[in-house]
Amino acid sequence: MPPVRRSTRLSSPSARRSTTTTSIGKNTTPSSSAPPKKKSSKKPNHYEFGGPLGTTAMLVGLPAVCYGLVAACNPRGCSLDPRAWHSPFDFVPQKTSSFWSPYLASAAAVALWFAAQAALHLLLPGPRIEGVMLATGERLRYKLTGFKNLLATLALSLTLGLRTNPATGEPWLALCYDYYVPLLTAAVAFSTLLSVVLYAASFRAGGKKGRGKAKPPLLAAHGDTGCAVYDFFMGRELNPRFSFSDFDWKEFCELYPGLIGWVVLDFGCAAKLWAVQSRAAAGEGGGLLSSLLSVVGAAAKPSSSTSLLSSFSAPMALVCLFHAAYVADALWHERAILTTMDITTDGFGFMLAFGDLAWVPFTYSLQARYLVDHPTELGWISIILILLLNAGAYAVFRGSNSQKDAFRRDPTDESVRHLETLETQSGRKLLVSGWWGVARHINYCGDWLLGWSWCLPCGFAHAVPYFYVAYFAGLLLHRDRRDGKSCAEKYGRDWDRYCRIVKWRIIPFVY
Ligand code: NDP
């Protein structure tokens, strides 16, 4: 979800320092290590996202889009024409038990999923890193176990999920596809409930001096306008935490349950497609695990692998591979999130909670769900071209993000010290060569091209699977404008100089 950049307000949860921790921003210039100026957040310069009206519309509209994608694209068809749509609730499985309705089972699954990710995060070892300096001059510690959570989850879900479910004769994982709508409903309900709790908790008073340890919560400037619906959407509290733990609700939700859930939903769709196609091709009811094991012997006995190979979908494999690689990359570079707007500036409210827990997993997995309902085929040349597009886009995306990250961490680092920079009056420098000399948001360009490589495996029969690139273009254009505005405020005339040197915003020679 698109975050906002604003200054933060006083008072904060405790931030303990530890000799074993590493600091983000330690080596940056004096201006970056000084606490941001305090600003009266009750008087915002302007509202984001259309203010109270716009955010009210988004509270209703964003979940509606999630359901709308199922209405538009489902086993009965795929169309942009609303007259051809079907109710998403037509695709909810029948109740099979007197107690467990699909919705109740999905609610339990989502709650269990969230708890399991939190338990892994708490139990797995991981470095503790300090985030950027808060308005109070303190830094919060973050435990980073994202990549380990992903590996542990994949190991577990593939080992258990590829076994055959006796009730369906399909891998257990395929239930992610069957229960897509109830799971979406549970995720929407869970994230809304979480937002309500976060909003209510942000009004708690701190312990009085000498009588309690808890401090009043640190509020995000644009989440503390006094307009309830707007603040609920934007998020009031900047870093919700328990006072006794460094478990950070926002950082956890940004990276763990939603992103990893997206990959598992994808794999569930792949398992469903595999099961359906294997059955159709060979009339076999064998589990996916046994089918996979038969691959080992396939080279020696090619005839035994015929049905397996005919049920292999290259487009689905590409989509799953690309999405999993994107998530693995985000989790491998987990510390980079600590300097993003989402963490440093946005409050944790409906925008991020819903975005992280419902929007990302259920709209970003659209291509995988589409391929189950409308399988496509790709020739070798198309596969190679899509792989090349993905690799090239990844090089731009990762190269640019890592270059800025390295520069902001330590401008004298070997990888960036040769780059040309522009001095600014704020004391910070801006890169004007390397990736950041090509376009002011060349990282967005790489990210958007990655999105194309996710959609192209779906072929050109339908437009709906291209929802991601259309939505993401809007998000990135909006984000680029807002970041430009924020940088203009931060760097003043130096930003104009920078824009004259680096002319292109996102796509060189185009925009
Ligand atoms: P960016 O990584 O684009 O960072 C913008 C900040 O970088 C500016 O505010 C400025 O901060 C600094 N900066 C700008 N220009 C320069 C320069 N020339 N030299 C040095 N520093 C510079 O922020 P985002 O968080 O928007 O994006 C990060 C990544 O996340 C992107 O790749 C984006 O595509 C991706 N993303 C993906 C989403 C998804 O849903 N898939 C959603 C949102 C983002 P300062 O000067 O203060 O350091």
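Residues numbered from 1 in each chain as written. Predicted model: local features only at pLDDT ≥ 70, side-chain atom pairs only at ≥ 80, totals over all residues. Heavy atoms only, no water.

**Brief notes about the packing of aromatic side chains**
Piece 1. Inspection of every chain in the model, using the stated rule, returns 38 aromatic pairs.
Piece 2. Every member of this aromatic cluster is reached through a ring pair, and the members are Trp262, Tyr326, Trp359, Tyr364, Tyr394, Phe397, Trp454, Phe467, Tyr468, Tyr471 and Phe472.
Piece 3. A cation sits over an aromatic face here: arginine 236 above phenylalanine 203, 3.8 Å from the ring centre.
Piece 4. It is arginine 369 that lies over the ring of tyrosine 180; its NZ or CZ is 5.0 Å from the centre. (Phe/Tyr/Trp six-rings, centres within 6.5 Å; stacked < 30°, edge-to-face > 60°. Lys NZ or Arg CZ within 6 Å of the ring centre and 35° of its normal.)

**Topic: the site of the ligand**
Piece 1. The environment of the ligand is formed by 24 residues, the closest being Tyr444, Asp447, Arg479, Lys490 and Tyr491.
Piece 2. Between the ligand and aspartate 483, the relevant distance is 2.7 Å, taken from an oxygen atom to a side-chain nitrogen or oxygen of the residue.
Piece 3. Interatomic distance of 3.0 Å between a side-chain N/O atom of tyrosine 498 and a nitrogen atom of the ligand.
Piece 4. Alone, the ligand offers 920 Å² of accessible surface; in the complex the protein occludes 88% of this.
Piece 5. Looking at the shell around the ligand, the elements with two or more residues in it are α16 (380-409), β9 (429-431), α18 (442-455) and α19 (467-491).
Piece 6. Considering each element in turn, the shell around the ligand owes the most residues, seven residues, to α19.
Piece 7. Class assignment for the residues of the shell around the ligand results in 13 nonpolar, three polar and eight charged. (Near = heavy atom within 4 Å. Polar contact = N/O pair within 3.5 Å; in protein donor to acceptor, adjacent residues only side chain to side chain. Areas by Shrake-Rupley, 256 points an atom, 1.4 Å probe, with all protein chains shown as cover. Helix = DSSP H or I, 4+ residues; strand = E, 2+ residues; numbered from the N terminus. Nonpolar A, V, L, I, M, F, W, Y, C, P; charged D, E, K, R; others polar.)

**Digging into the pairing of strand β5 (residues 139-143)**
Piece 1. With five of five residues buried, β5 lies mostly within the body of the structure.
Piece 2. Direction of pairing for strand β4 (residues 128-133) relative to β5: antiparallel, over a ladder of four bridges. Within β5, the residue paired with arginine 128 across the bridge is lysine 143.
Piece 3. Counting the residues in the hairpin turn of β4 and β5 gives five residues, including glycine 137, whose phi is positive at 90 degrees. (Buried < 20%, exposed > 50% of the residue type's maximum accessible area, 1.4 Å probe, protein only. Pairing = 2+ DSSP bridges.)

**As for the state of the cysteines**
Piece 1. Using the criterion set out here, one finds one disulfide in the structure.
Piece 2. A disulfide-free cysteine, cysteine 458 has its sulfur positioned 6.5 Å from the sulfur of cysteine 455, the nearest such atom. (Disulfide = S-S within 2.5 Å.)

**So, empty space enclosed by the protein**
Piece 1. On inspection of all chains with the given rule, the structure shows three cavities of 30 Å³ or more.
Piece 2. Lining the second largest cavity are Gly131, Val132, Leu134, Leu140, Tyr142, Leu238, Asn239, Leu338, Ile343 and Thr344.
Piece 3. Elements represented by at least two residues in the lining of the second largest cavity include exactly β4, β5 and α13 (341-344).
Piece 4. Partitioning the lining of the second largest cavity into residue classes produces seven nonpolar, three polar and no charged. (1 Å grid on protein atoms, 1.4 Å probe; cavity = no way out; pocket = protein on both sides within 12 Å on 5 of 7 lines; lining within 4 Å. Points joined across faces, edges and corners; volume = space filled by probe spheres on them.)

**Here we look at the environment of leucine 158**
Piece 1. Within the secondary structure layout, leucine 158 lies in helix α4 (residues 146-161).
Piece 2. Taking the C-alpha atoms as reference points, leucine 158 and proline 171, 13 residues apart in sequence, are found 9.8 Å from one another.
Piece 3. Among residues more than four places away in sequence, those in contact with leucine 158 are Leu173 and Phe267. (Contact = heavy atoms within 4.5 Å.)

**Re a nonpolar patch on the surface**
Piece 1. Residues Trp380, Ile381, Ile384, Leu385 and Leu388 make up a contiguous nonpolar surface patch of roughly 630 Å² in combined accessible area.
Piece 2. Along the chain, leucine 388 turns up in helix α16. (Patch = residues over 30% accessible without salt bridge, like charges linked within 9 Å, V, L, I, M, F, W, Y side chains within 5 Å. Salt bridge = Lys/Arg side-chain N within 4 Å of Asp/Glu carboxyl O.)

**Things to note about helix α20 (residues 493-501)**
Piece 1. Within α20 the residues assigned to the buried category are Asp494, Trp495, Tyr498 and Cys499. For α20, the buried positions fall inside an angular range of 145 degrees around the axis, keeping them on one side. Opposite the packed face of α20, turned more than 90 degrees from it, sit the exposed residues Arg493 and Arg500.
Piece 2. For α20, the elements touching its buried residues are β8 (421-423), β9, α17 (435-438) and α19. (Arc of directions from axis to C-beta.)

**Concerning the packing of helix α12 (residues 314-332) against helix α15 (residues 366-373)**
How two helices pack is summed up by the angle between their axes together with the distance between the axes.
Piece 1. Across the interface, α12 lies against α15 with an axial gap of 10 Å and an inter-helix angle of 165 degrees. The orientation of α12 relative to α15 falls into the category roughly antiparallel. For the element pair α12 and α15, the recorded crossing hand is left-handed. In this structure, α12 contributes Pro315, Met316, Val319 and His323 to the contact, and α15 contributes Gln367, Ala368, Leu371 and Val372.
Piece 2. Broken down by class, the residue content of the contact of α12 with α15 amounts to six nonpolar, two polar and no charged. (Axes fitted to C-alpha atoms, helices over the stretch in contact; angles between N-to-C directions. Parallel < 35°, antiparallel > 145°, perpendicular 65-115°, else oblique. Left-handed = near helix turned anticlockwise from the far one by under 90°.)

**So, the confidence of the model for the protein chain**
Piece 1. For the protein chain, per-residue confidence averages 84 on the pLDDT scale, and 84% of positions sit at 70 or higher.
Piece 2. Taken as a whole, residues 293-306 scores under 50 in pLDDT and shows four contacts with residues more than four places along the chain or in a different chain. (pLDDT = per-residue confidence, 0-100.)

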